[in-house]
Amino acid sequence: MTLALYRKYRPKILADLLGQEMTVQILRNAARENSLAHAYLFYGPRGTGKTTAARLVSKIVNCETRILNKEFQKGGEPCNQCRVCSEIDSGNGLDVIEIDAASNRGIDEIRNLKEVARTAPISYPRKVFIVDEAHMLTGPAFNALLKTLEEPPPHVMFILATTEYEKLPATITSRAQRFAFKKLDKETIMKKIAAICKAEGLKYEADALELIAVAADGGLRDAESLLDQVHSSAPTITIKTVEEVIGRIGFKKLHEFAELLVTKNLPLAIKYLGELNESGINIVQFAKDLIHYLRRILSLKMNPELEEMFNKELTREDITDLRELGAMAEAEFFIKLIKALISAYSDMRYSPFAIVPLEVTIIECLQSRS
Ligand SMILES: Nc1ncnc2c1ncn2[C@@H]1O[C@H](COP(=O)(O)OP(=O)(O)O)[C@@H](O)[C@H]1O
Ligand SMILES: [Mg+2]
Ligand SMILES: [Zn+2]
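Residues numbered from 1 in each chain as written. Chains lettered and ligands numbered in written order. Predicted model: local features only at pLDDT ≥ 70, side-chain atom pairs only at ≥ 80, totals over all residues.

### A few points about the overall build of the protein chain
The test is simple: Only runs of H or I of at least four residues qualify as helices and only runs of E of at least two qualify as strands under DSSP, and these elements are numbered from the N terminus. Labels follow a simple rule on C-beta atoms placed from the backbone: if 20 or more others lie within 10 Å of a residue's own, it is buried; if 12 or fewer, it is exposed; otherwise it is partly exposed. By definition, residues are in contact whenever their C-beta atoms, placed on the basis of the backbone, come within 7 Å of each other.
When you go through the protein chain residue by residue, the secondary structure sums to 21 helices and seven strands. Taken over the C-alpha atoms alone, the protein chain extends approximately 80 × 45 × 40 Å along its principal axes. Among the 370 residues that make up the protein chain, the fraction classed as buried is 37%. Restricting the contact set of the protein chain to residue pairs at least 6 apart, pairs at least 24 apart contribute 73%.

Shown next, in the form of structure tokens:
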């Protein structure tokens, strides 16, 4: 069963857009006062609500209820019930033209943009062009867009969205009202996916949701897709299934191995490594994850205040582990180990026996007296 949760739970009003408070407030105020701009640029990481916001704005400027009811207009939201709102929701809004520069969908519209933009909307007050992944437009398309942005016909609105702001020419960005979309923090993502689980009647371990939120790295769409995938592989959302789906060895394994290193338990460390290798995991990736893991132990040891920052991307349990391991050895030990692992890692990438440089390095580090 594929629920396509990210579609089902797409926010229906601006107020439901999480983690973008400033943007929401400014857009709603403009909607209340009927002073929305002619061109917007939404930029920021993937899965943070840019396309969603673009569709919401396209509903707001055209919503029939808003136009007829001045009282309703003061809410600064679409009604989601009128003909226009439902057409746009189902992707059938005749005057909402979505162009995906990444996939070339609707790219003809851009080529003829000047003409298309000049002709009056067919059935809505405003013709809205949503240009997704705008940084991928080709030269001629940029020029057509630029010309139209310079003198936009009054019945037209542009909403550009991109993950790569720097790739857009300043001639374009300077003509749009810009909003930076931000990564969502772990707690916000957890709350939302917990609510989805509840609504869908899915059973879950709280820690599993935390791991999903961490793996999604600030993007709610990724979190929702992960939830979908995990759920389709097992009825209950557990840490174990999440780990399998995200295909990384969880922090648990790194923790176990790091513990063997800081306690200088050479025999068990070698055994552990051998077993990992046999289990078929990518040992090069493991070495890389291990370096990051040790680096985090060390930096947390040096500055306990980093905990707050780490808390945005790691689970609470992960952080406790890091702190405890940090207390078990001197900073010098970690520094030496990290340096040696970095050099082992570059050897591993070109070695036909990736395990060997790693093994030898571990033996060297754990044997020395320091
Ligand atoms: N800020 C957000 N608040 C609530 N849901 C969000 C948010 N950002 C993304 N989502 C969820 O992810 C899905 C995809 O978001 P989308 O707007 O396409 O992201 P983007 O265009 O930034 O990549 C939405 O349908 C929604 O379920
Ligand atoms: Mg998008
Ligand atoms: Zn409406």
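There is more to say after this.
### Here's the deal with the domain arrangement of the protein chain
Stated precisely, the cut-off is as follows: Domain segmentation is taken from an automatic or database assignment of domains.
Domain parsing of the protein chain yields domain 1 (5-180), domain 2 (186-246) and domain 3 (251-367). For domain 1 versus domain 3, the distance between C-alpha centres works out to 47 Å.

### Regarding the site of ligand 1
As a reminder, the rule being used: A molecule or strand has a residue near it when that residue's C-beta atom, placed from backbone coordinates, lies within 6 Å of it. Under the scheme applied here, ten amino acids are nonpolar (Ala, Val, Leu, Ile, Met, Phe, Trp, Tyr, Cys and Pro), four are charged (Asp, Glu, Lys and Arg), and all others, including Gly, are polar.
Neighbouring ligand 1 are 20 residues, the closest being Arg10, Gly49, Thr51, Thr52 and Arg221. Elements supplying a minimum of two residues to the shell around ligand 1: α3 (50-62) and α13 (220-233). The residue inventory of the shell around ligand 1, partitioned by class, reads eight nonpolar, seven polar and five charged.

### Concerning helix α12 (residues 206-216)
Counted residue by residue, α12 has eight buried out of 11 residues, so it is predominantly covered. Buried within α12 are the following residues: Ala208, Leu209, Glu210, Leu211, Ile212, Ala213, Val214 and Ala216. Buried positions along α12 lie against α11 (186-200), β6 (203-204), α13, β7 (236-237) and α14 (239-246). Aspartate 217 sits one or two positions beyond α12 and adopts a positive phi of about 50°.

### Let's talk about the sheet that holds strand β5 (residues 177-180)
Our working rule: The pairing criterion is simple: DSSP has to find at least two bridges between the two strands. Angles run from 0 to 180 degrees between N-to-C directions of axes, and those axes are lines fitted to C-alpha atoms, restricted for helices to the stretch in contact.
Reading across the sheet, the five strands line up as β2-β3-β4-β1-β5 and stay open at both edges, with parallel pairing between neighbours. Both edges of this open sheet fall to β2 (96-100) and β5, since each of them pairs with a single strand only. In this sheet, adjacent strand axes meet at a mean angle of 15° when their direction is disregarded. Note: strand β3 (residues 127-132) against strand β4 (residues 156-162), five bridges, orientation parallel. Residue pairing in the sheet places isoleucine 130 in a bridge with isoleucine 159 of β4. Across the sheet, α3 lies against β1 (39-43), β2, β3 and β4, angled at about 170° from β4, the strand it touches most.

### With respect to unusual backbone geometry
You will see that asparagine 80, though not glycine, has its phi angle at about 65°, which is positive. Mapped onto the secondary structure, asparagine 80 falls in the loop between α5 (70-73) and α6 (83-89). The class for asparagine 80 is partly exposed, based on 15 C-beta atoms found within 10 Å. Unusually for a residue other than glycine, glutamate 133 sits at a positive phi of about 50°. Checked against the element boundaries, glutamate 133 lands in the loop between β3 and α9 (139-150). Look at glutamate 133 and you get buried, because 20 C-beta atoms sit within 10 Å.

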